[in-house]
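# Residue-level structure breakdown
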Amino acid sequence: MTVHFIGAGPGAADLITVRGRDLLARCEVCLYPGSLTPKDLLAHCPDGARLVDTAGLSLDEIVAELVAAHEKGLDAARLCSGDPSLYSAVAEQVRRLDAAGVPYAITPGVPAFAAAAAVLGRELTVPTVGQSLVITRVRARSTPMPPGENLATFAASGATMALHLAVNRIEQVVSELLPHYGEDCPVAVVFRATHDEERVLRGTLGVIAGQVREAGVDRAAMIFVGRVLAADGFPDSFLYSADRDRSKMPPSF
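Just so it is clear, the model here is predicted, and its values are computed rather than measured. (Residues numbered from 1 in each chain as written. Predicted model: local features only at pLDDT ≥ 70, side-chain atom pairs only at ≥ 80, totals over all residues. Heavy atoms only, no water.)

## A word on the packing of helix α3 (residues 59–71) against helix α4 (residues 90–100)
- For the pair α3 and α4, interaxial distance at closest approach is 10 Å and the crossing angle is 50 degrees. Judged by the inter-axis angle, α3 sits oblique to α4. Crossing of α3 against α4: the hand is right-handed. Contacts from L59, D60, I62, V63, L66 and V67 of α3 reach α4 at E92, Q93, R96, L97 and A100. (Axes fitted to C-alpha atoms, helices over the stretch in contact; angles between N-to-C directions. Helix = DSSP H or I, 4+ residues; strand = E, 2+ residues; numbered from the N terminus. Parallel < 35°, antiparallel > 145°, perpendicular 65-115°, else oblique. Left-handed = near helix turned anticlockwise from the far one by under 90°. Contact = heavy atoms within 4.5 Å.)

Now the structure itself:
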C-alpha cells in the first residue's frame, strides 16, 4: 500500500489536479490540514474513509497515522496545501516513512504563489523587466533561515520576490527591501487566493505596510514585490516574434 502526498492546491476545491482528485477518491484514509482544506475537497474521499484533521497533531502523530494505514493494507492520502514542494513539511514526513519502510508517492498541486499571480492577472516573468522569481519567507515562529538566505541578499539582485509566511512581519519586509527596490516599487498582497474570502491589496513599498495593518491581514497571504507587477511598454517576447526563423523548428505532435 502507498501513502500519497497530494497537493491540494491553494484553496478552491476545483483547483486540485485530476490525478490528485482520483487518488483521493480511492484512499481509505485521508489526513488533511483542517484550517486550509475546503470541505468540498473532502467530498471526493470514498464513503467510510477515515478523515483525520492534522491541525492539532504533532509530526510523530501524523506519521503514526500513515504507518498505521500502511500496516492495515490501506492507501492513505496526505493532503498538502498548495504544492508539496514548498513549505509543506513533506521532507521530514518522508524521512520517517523511509525509516519505517513505508512506500510513498508525491502528486504536485497548484502552488499558492501561482494562484495569487493569477488572481492579480499578472505574469511574473516579463521581457526586459523581470525574468527571475525568488520564493522565500522571513523568520517568525519557525525554524531559522539558513546562513546567507535573507531578504537583503535576495533583494540585491532586483528579482521579483514572492514571500510566503511573511505578512505578519510586513514592517520588517519593507525595511529590508526598501534600500534595494525603492519606495515606489509595486507591491501586491493576496490574502487567501481562490478562497471565498479572497482579498487583494495593491500599493508600493512606501505604503503597503499601512494598507496591510488597516485591512487587518496578518496571515494566509502572499506578498509580491517587483516591477513586473506594473510593467507596461515592454517589448514582446522573442518566442512569438514574427522575425523568428520557424523553418527549423520541430513539428508539433
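## Examining the packing of aromatic side chains
- Inspection of the entire model under this criterion finds 1 aromatic pair.
- Between F5 and Y104, the aromatic rings sit 6.3 Å apart at their centres with planes inclined by 80 degrees, giving edge-to-face as the arrangement. Remark: Y104 occurs in strand β5 (residues 104–107) and F5 occurs in strand β1 (residues 3–7); sequence separation between them is 99 residues. (Phe/Tyr/Trp six-rings, centres within 6.5 Å; stacked < 30°, edge-to-face > 60°.)

## A short note on the layout of surface pockets
- Here the largest pocket is characterised by a volume of approximately 1500 Å³.
- Lining the largest pocket are 43 residues, and of these L36, S81, Y87, H164 and L165 sit closest to its centre.
- Elements represented by at least two residues in the lining of the largest pocket include exactly α3, β4 (76–80), α5 (112–120) and β10 (221–225).
- With 3 residues, the top contributor of residues to the lining of the largest pocket is β4. (1 Å grid on protein atoms, 1.4 Å probe; cavity = no way out; pocket = protein on both sides within 12 Å on 5 of 7 lines; lining within 4 Å. Points joined across faces, edges and corners; volume = space filled by probe spheres on them.)

## Examining the pattern of salt bridges
- What the rule picks out here adds up to 6 salt bridges.
- The residue R50 makes a salt bridge to E65 at a minimum N-O spacing of 2.8 Å. Linking R50 in strand β3 (residues 50–53) with E65 in helix α3, this pair joins segments that are 15 residues apart in sequence.
- Judged by relative accessible area, which is 45%, R50 ranks as partly exposed. (Salt bridge = Lys/Arg side-chain N within 4 Å of Asp/Glu carboxyl O. Buried < 20%, exposed > 50% of the residue type's maximum accessible area, 1.4 Å probe, protein only.)

## Digging into the sheet that holds strand β6 (residues 133–137)
- Spatially, 5 strands are ordered β6-β7-β10-β8-β9 in an open sheet, and the strand pairing comes out mixed. For this open sheet the edge positions go to β6 and β9 (199–204), each flanked by a neighbour on one side alone. Sheet twist, expressed as the mean angle between neighbouring strand axes with direction ignored, is 20 degrees.
- Pairing of strand β8 (residues 186–191) with β10, which is carried by 5 bridges, proceeds in the antiparallel orientation. Bridging across to β10, F191 finds its partner in A221.
- Relative to β10, α5 is tilted by about 70 degrees, and along the sheet it contacts β6, β7 (160–164), β8, β9 and β10. (Pairing = 2+ DSSP bridges.)

## Side note on the packing of helix α7 (residues 170–181) against helix α8 (residues 208–215)
- For the pair α7 and α8, interaxial distance at closest approach is 9 Å and the crossing angle is 175 degrees. Between α7 and α8, the angle is such that the two are roughly antiparallel. In this structure, α7 contributes I170, E171 and V174 to the contact, and α8 contributes I208, A209, V212 and R213.

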